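Fold and contact review
Chain by chain, the residues:
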Amino acid sequence: MKRILFTTLLPLLLALLGATPARAVITIEITEGVEGAIPVAVVGFDMTQLPVPLKTDLASIITSDLNRSGLFKVLPESEYPQRPSQSRQVQYPLWKASGAEFLVIGRVLPREGGSYDVQFQFLDVLKRKQLLGYRFPVRARSLRATAHEISDLIYEKITGTRGAFNTRIAYISVVGKGKNKKYVLQVADTDGYNPQTILESDEPLMSPAWSPDGASLAYVSFENRRPEVFIQHLASARRSKMAGFKGLNNAPAWSPDGKKLALVLSKDGSPDIYVMDIATRKLRRITRHRAIDTEPVFTPDGKALIFTSDRSGSPQLYRIALSGGRPERLTFEGPYNAAPDVASDGKRLALLYGEQGRYRIAELDLEDSNLTVLTENRLDESPSFAPNGRMVLYATTRGNKGVLYMVSLDGRVQHKLSDQAGDVREPAWGPYKPLRTQ
Amino acid sequence: MIAFLRQHPKALGYSLLLHVLILGLAAFSFDSRDAQQLVRKPGPQTQTIQTEIIDEKALEKSARKQAEVEQRKAEAEKKRKAEAARKKAEAEKKRKAEEARKKAEAEKKRKAEAARKKAEAEKKRKAEEARKKAEAEKKRKAEAARKKAEAEKKRKAEEARKKAEAEKKRKAEEAARRKAEEEQRRKEAELQARLAAEERQRELDLMRNAYYAKIRDKISRNWRQPPNAGDKPECEVRVEQDPGGFVLNVTIGRCPGTREYRLSVEQAVRKSDPLPKPDDPELFERDILIKFKPRD
């Protein structure tokens, strides 16, 4: 049978392979391959030079980041053939045999004044060469950020896109019960570590939104028994009420230049979209419709808004140019499309897709209108793109409790953020930190 | 000769007469020919008579007119004429006798000559006839002999020709048979060689196929397509290897798609280092173009 197959398929195969004498180079076609993450080994950083080992495990932070991206698969430590900390110690054939295509090694050296030198190298096992090599002088409190920074560099080296591990997220956490119930606005690292409380309130807090420079948050507070919009500077904790009009003051969103806020106000009747100049507080009405228009977000070019409206009878997404004109409907698939966020490339939306009582996170390709559902939960909410557009942060419900998840667009990997206290909702992914000065 | 005479008795008679005449005439010193003419039977003679018609009246008239002159003259003339006529008659008579004689003699001679000529002609004819007959006979015989000889010769020639032809044919057949056999052997040898070559080619093709399949399988096994590849576009990677299969160079050619996708095809090749070797070193390919062409 095999013989027959070979003989009958031979001409075809030869034709396919292009194995004609006239051609100098033979061609072999590869049509099969296993879809999978890039196997990487992250060796624990050598700390033997330190008088006291660090409590922060840099390698495990990097491992967690890389795994979360969906693009990488960090091999279990038990499979590592050696524990090198410098490239000259690396025996490449051993690593190749282990299946790792790339290798992360490093060490931490003591510096004067209680700070550290973190050295790391990113090595190509197959090419046997260094792809990245850095030394970071860091203080102890920046060790985690440094590990995320290393993850970002690795991600960028492989994909060409800046990684978003060393960024922050904001979210609302509800803690306590009954009279002790508190609403807390928090900021944390993307892996959920280092949570910091920005604001605590007995009344509901909602809709945190990052300023483009990452220095401030806008949010909705019910501290005055009705929704009002505030802006709070994180470092100084200074806050100011931006919108306290009659009726609803909701859903703030920053313009890309950080000078304007899009808001939902009902002061003139049904909720409509307005744009406020932050410096002058001057309002400009963008939509005027009997239906509810809400959840505005600026497009990356700052020239349009995308928002949710039930003007067609059910919530759908629309785009309206700030220069005027009629809103253009963007979603047609499904009875419920809401809570848009725009990717930094401006070509994709993350949204909440509802159908048959199920609300899931989906991605809409604005170029071909292709909608892809990214999650398999029952009740998701508030999708928010990472600044590089490769992951989506969202909240979902686990045992009557809100928790934060990330889904990787690279590998559809779902990752639950480390447990936050309380019932967590409405996450917002912050912008890149200012570029390193190195 | 006797038989001939018997057949022609007249000839005998003539012959005998001839002999007697010859003997008889020898005494008159005639030559044989004259004698023969003389003894010939004389035929009827015809005499020619000279006549002259004179008109008497005219004469008388003239004579009267001329008178004596004429009378005398006439008398003299008459006398002279009588004399002349007598002499003339006499001469005439003599001449005529002589003439008759000569004529008879000539006739006789002519007849004898004619008879001789006839006999001679007859004889000659007969001799000629006999000669001719003999000649014809001889000729016939010669012809017959010639013909016979010719026929014999022809027969022999034919025989020889046939034999030669048969031999030639046999030889030609033999040669053709040998040639055919040789051709058959040659063809068989050729077929064998061709089959062997085909077999070798087939074997090589199978091995080449297997070689490429091994490379394809190894690279496929090592091709980890990134999960975010999306459209998975077609990529070309040029590989240079040494005979041990060790990859010397990897060059990414036309390859759209994300950076990690491009990386994945390069890694697939590098991970497959060393590449499988062919069963026959002849099949080794230093440069290989790998086309990554994922199926959806």
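Computed from a predicted structure; not experimentally measured.

**Thoughts on the state of the cysteines**
Residue and element names in this part refer to chain B. Within the structure shown, the criterion is met by one disulfide over all chains. Between the sulfur of Cys235 and that of Cys255 lies a disulfide, 1.9 Å long from S to S. Taking the sign of the torsion about the S-S bond as the criterion, the disulfide between Cys235 and Cys255, at about 65°, is right-handed. Taken as a pair, Cys235 in strand β2 (residues 235-241) and Cys255 in the loop between β3 (247-252) and α5 (259-271) lie far apart in primary sequence, 20 residues in all. Each member of the pair Cys235 and Cys255 is classed as buried.

**Focus: the environment of Pro53(A)**
With respect to the secondary-structure elements, Pro53(A) resides in the loop between β3 (38-42) and α2 (58-69). Separated by 106 residues in the primary sequence, Pro53(A) and Thr159(A) have C-alpha atoms spaced 33 Å apart.

**Quick word on the confidence of the model for chain A**
Mean pLDDT over chain A stands at 91; residues scoring 70 or higher make up 93%. Across residues 1-23 of chain A, where pLDDT falls below 50, the model places 24 contacts with residues more than four positions away in sequence or in other chains.

**A look at the pattern of salt bridges**
Evaluation of the coordinates by the stated rule reveals 73 salt bridges over all chains. Glu101(A) is the salt-bridge partner of Lys271(B), the closest N and O atoms lying 2.9 Å from each other. Taken together, the residues span two chains, with Lys271(B) in helix α5 and Glu101(A) in the loop between α3 (92-98) and β5 (102-110). What you see here is one network of salt bridges that share partners, running through Glu355(A), Arg358(A), Arg360(A) and Glu376(A).

**Some points on unusual backbone geometry**
Along the chain, Asp273(B) connects to Pro274(B) via a cis peptide bond; the corresponding omega equals 0°. With respect to the helices and strands, the residue Pro274(B) is situated in the loop between α5 and β4 (287-292). At Glu295(A), a residue that is not glycine, the phi angle is positive and equals roughly 55°. Take Glu295(A): it is sitting in strand β19 (residues 293-298). Even without glycine at this site, Ser382(A) takes up a positive phi of about 50°. In this fold, Ser382(A) is placed in strand β27 (residues 380-385).

What counts and what doesn't
Residue numbers run consecutively from 1 along every chain, following the written order of its sequence. Both sets of labels track the order of writing: A upward for chains, 1 upward for ligands. Local features in this predicted model are restricted to residues of pLDDT 70 or higher, and side-chain atom pairs are both shown and tallied only at a pLDDT of 80 or more, whereas totals for entire chains, interfaces and linings draw on every residue. Hydrogens and waters are ignored; side-chain quantities use all the structure's heavy atoms. To count as a disulfide, a pair of cysteine sulfur atoms needs to be within 2.5 Å. Think of it this way: any DSSP run of H or I at least four residues long counts as a helix, any run of E at least two long counts as a strand, and we number them from the N terminus. Classification of residues uses two cut-offs on accessible area relative to the type maximum, computed with a 1.4 Å probe and protein chains only: under 20% is buried, over 50% is exposed, and between them is partly exposed. For every residue, the predictor reports its confidence as pLDDT, a number between 0 and 100. When checking whether two residues touch, look at their non-hydrogen atoms; a contact exists if any pair is within 4.5 Å. Salt bridges, as used here, are contacts in which a Lys or Arg side-chain nitrogen is within 4 Å of a carboxyl oxygen on Asp or Glu.

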